[in-house]
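# Structural overview for review
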Amino acid sequence: MTKVTAPAVLAAKGTRKLAMLTAYDFAAARLAEAAGVDMLLVGDSLAMVVLGHEDTLSVTMEEMLHHTRAVSRGAKNALVVADMPFLSYQVSVPEAVANAGRFLKEGRAGAVKLEGGREVLPQVKAIVAAGIPVIGHVGLMPQHVAALGGFKVQSKTAEAAARLLDDAMALADAGCFAMVIECVPAAVAAVVTQRLPVPTIGIGAGPDCDGQVLVFHDVLGLYDRFLPKFVKQYAKLGDLAVEALTQWADAVRNGVFPGPEHVFSMAPDAYAAFVSRTDASAVGSEATDGDPA
């Protein structure tokens, strides 16, 4: 697999489907890389599936950078995309550019992703002008969950669908090289995909997008708080993990683990010398009890 870059993702439009998966650590990045995934998104979903928060709003820049560094160490070919967390880009354009730059400079990511439509065009243009590739995100935007009233399907009316298309087109014109479309009717995503000059990456947006993204833990069955309708579990590793860990804990309690095959040995004469020294040390320590010298 050759190194995936932002221009390579853009060039895939209309030629092949793109696979994007979230990753939050070195091990997950290595597994996804071995599977040939094109892009690894260090998503702000980290807040929920790794850090245990109820939504994505609580994760910080420092936490996102920490995990982006880990993923970048494990990804040699996949394009690492860092999610810009809540309030890391909304406050001002200079702050947005500075924080995006940190993801490339400190996190070693190859691109950033941010949520929003026309309201974030100044940030997108400035970040792109600074030489930082940007992926847009429209539809359901988890960082807007308070304003949206929860995690709900978006663009179900003609007016809302038209706004989504306008936002996506404006973001592409501003320089976004790809677009995540989340939780919208499949027919709407199909039209946006057809009209947009950059690849669309769907999540709950139907099969006609140029690519798909899912959360690592959802695909593998490792997250049990809830399972969105758009998720397909390709394994139930959570159940297998509990079973394996239960077997290990029982083996420890029953004295079965570690067994002879798990321990290291030493030469009998070395052991005898060790015991002799230990006995001598014990006698000496009793004689000088309380004196650390």
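This text follows the structure it describes.
The structure displayed is predicted, hence computed values, not measured ones. (Residues numbered from 1 in each chain as written. Predicted model: local features only at pLDDT ≥ 70, side-chain atom pairs only at ≥ 80, totals over all residues. Heavy atoms only, no water.)

Turning to the overall build of the protein chain, a few remarks are in order. If you tally the helices and strands in the protein chain, you get 12 helices and 8 strands. Taking 2.2 N^0.38 as the reference for a compact globule, 293 residues should give roughly 19 Å; the C-alpha atoms of the protein chain span a radius of gyration of 25 Å, well beyond that estimate. In terms of overall dimensions, the protein chain has a C-alpha envelope of 85 × 40 × 40 Å along the principal axes. When burial is assessed residue by residue, the protein chain has 45% of its 293 residues classed as buried. Summed over its atoms, the accessible surface of the protein chain is roughly 15100 Å², and 60% of this surface lies on carbon and sulfur atoms. When the 24 positive and 31 negative side-chain charges of the protein chain are each reduced to one mean point, those points stand 10 Å apart. (Helix = DSSP H or I, 4+ residues; strand = E, 2+ residues; numbered from the N terminus. Rg over C-alpha atoms; globule rule 2.2 N^0.38 Å. Buried < 20%, exposed > 50% of the residue type's maximum accessible area, 1.4 Å probe, protein only. Areas by Shrake-Rupley, 256 points an atom, 1.4 Å probe, with all protein chains shown as cover. Lys, Arg positive; Asp, Glu negative; His and termini not counted. Charge placed at Lys NZ, Arg CZ, Asp CG, Glu CD.)

Neither face of strand β7 (residues 200–203) is open: one carries T200 and G202, the other I201 and I203, and all of them are buried. Taken together, strand β6 (residues 178–182), helix α9 (residues 186–195) and β7 constitute a β-α-β crossover, and its handedness is right-handed. Pairing geometry for β7 and strand β8 (residues 211–214), over 2 bridges, is parallel. Each residue of the ladder has a partner; that of G202, found in β8, is Q212. (Right-handed = clockwise from strand over helix to strand, strands pointing away. Pairing = 2+ DSSP bridges.)

Take helix α8 (residues 158–174) next. Between its terminal C-alpha atoms α8 stretches 24 Å, which fits the 24 Å expected from 17 residues at 1.5 Å a residue. Here α8 has its buried residues at A160, A161, L164, L165, D167, A168, A170, L171, A172 and A174. Those residues of α8 that are buried lie in contact with α6 (121–129), β5 (134–139), β6 and α9. Directly beyond the C-terminal end of α8, a positive phi value near 125° is found at G175. (Expected span 1.5 Å × (residues − 1). Contact = heavy atoms within 4.5 Å.)

Let's shift gears to the sheet that holds β6. In spatial order, the strands read β1-β2-β3-β4-β5-β6-β7-β8; together these 8 strands close into a barrel with parallel pairing. Geometrically, the sheet is characterised by an average inter-axis angle of 25° between neighbouring strands, direction not taken into account. Sheet topology note: the strand β4 (residues 111–113)/β5 ladder contains 2 bridges and is parallel. Among the inter-strand pairings, V112 is bridged to a residue of β5, identified as V134. (Axes fitted to C-alpha atoms, helices over the stretch in contact; angles between N-to-C directions.)

Each pair of packed helices can be summarised by the angle the axes make with each other and by the distance between the axes. Two elements in contact, α8 and α9, have axes whose closest approach is 10 Å; the angle formed by their N-to-C orientations is 30°. Judged on the interaxial angle alone, α9 and α8 are roughly parallel. When you trace α8 past α9, the crossing you get is right-handed. Here A161, L164, L165, A168 and M169 of α8 lie close against α9, whose contacting residues are V188, V192 and R195. Here the residues of the contact of α8 with α9 sort into 7 nonpolar, no polar and 1 charged. (Parallel < 35°, antiparallel > 145°, perpendicular 65-115°, else oblique. Left-handed = near helix turned anticlockwise from the far one by under 90°. Nonpolar A, V, L, I, M, F, W, Y, C, P; charged D, E, K, R; others polar.)

With that settled, consider the pattern of salt bridges. As enumerated under the stated definition, the model contains 8 salt bridges in all. Residue D210 pairs with K13 through a salt bridge whose shortest N-O separation is 2.7 Å. Within this pair, whereas D210 is found in the loop between β7 and β8, its partner K13 is found in the loop between α1 (6–11) and β1 (18–22), the two being separated by 197 residues in sequence. Residue classification places D210 among the buried residues on the basis of a relative accessible area of 11%. On the basis of relative accessibility, which here comes to 21%, the residue K13 falls in the partly exposed class. Here R118 ties to D167 by a salt bridge, and the two come within 2.6 Å at their closest N and O atoms. Of this pair, R118 sits in the loop between β4 and α6 while D167 sits in helix α8, and the two are 49 residues apart along the sequence. (Salt bridge = Lys/Arg side-chain N within 4 Å of Asp/Glu carboxyl O.)

The next point concerns the environment of D224. Among the secondary structure elements, D224 is positioned in the loop between α10 (216–219) and α11 (237–253). A relative accessible area of 74% places D224 in the exposed class. D224 sits 201 residues away from A23 along the chain, and the two C-alpha atoms are 17 Å apart.

Time to look at the nonpolar core. Core analysis: the biggest nonpolar cluster contains 80 residues, and L40 and I127 have the highest contact counts within it. Top element by residues in this core is α8. It accounts for 8 residues. Ignoring sequence-local partners within four residues, the contact set of L40 consists of L21, A23, A29, A32, V71, A75, A78, L79, V80 and V81. (Core = buried A, V, L, I, M, F, W, Y, C linked by side-chain atoms within 4.5 Å.)

Our focus in this paragraph is helix α2 (residues 26–34). Taken together, the buried positions of α2 are A28, A29, A32 and E33. In a view along the axis of α2, the buried residues occupy a sector of 135°, so they form one face of it. The exposed set on the far side of α2, more than 90 degrees from its buried face, consists of R30, L31 and A34. Elements in contact with the buried residues of α2: β1, β2 (39–42), α4 (61–74) and α10. You can read the cap of α2 off the contacts: a side-chain oxygen lies 3.3 Å from the backbone nitrogen of A27, and it is on D25. Where α2 terminates, the next one or two residues include G36, which has phi positive at roughly 85°. (Arc of directions from axis to C-beta. Polar contact = N/O pair within 3.5 Å; in protein donor to acceptor, adjacent residues only side chain to side chain.)

Nothing here speaks to function; it is geometry throughout.
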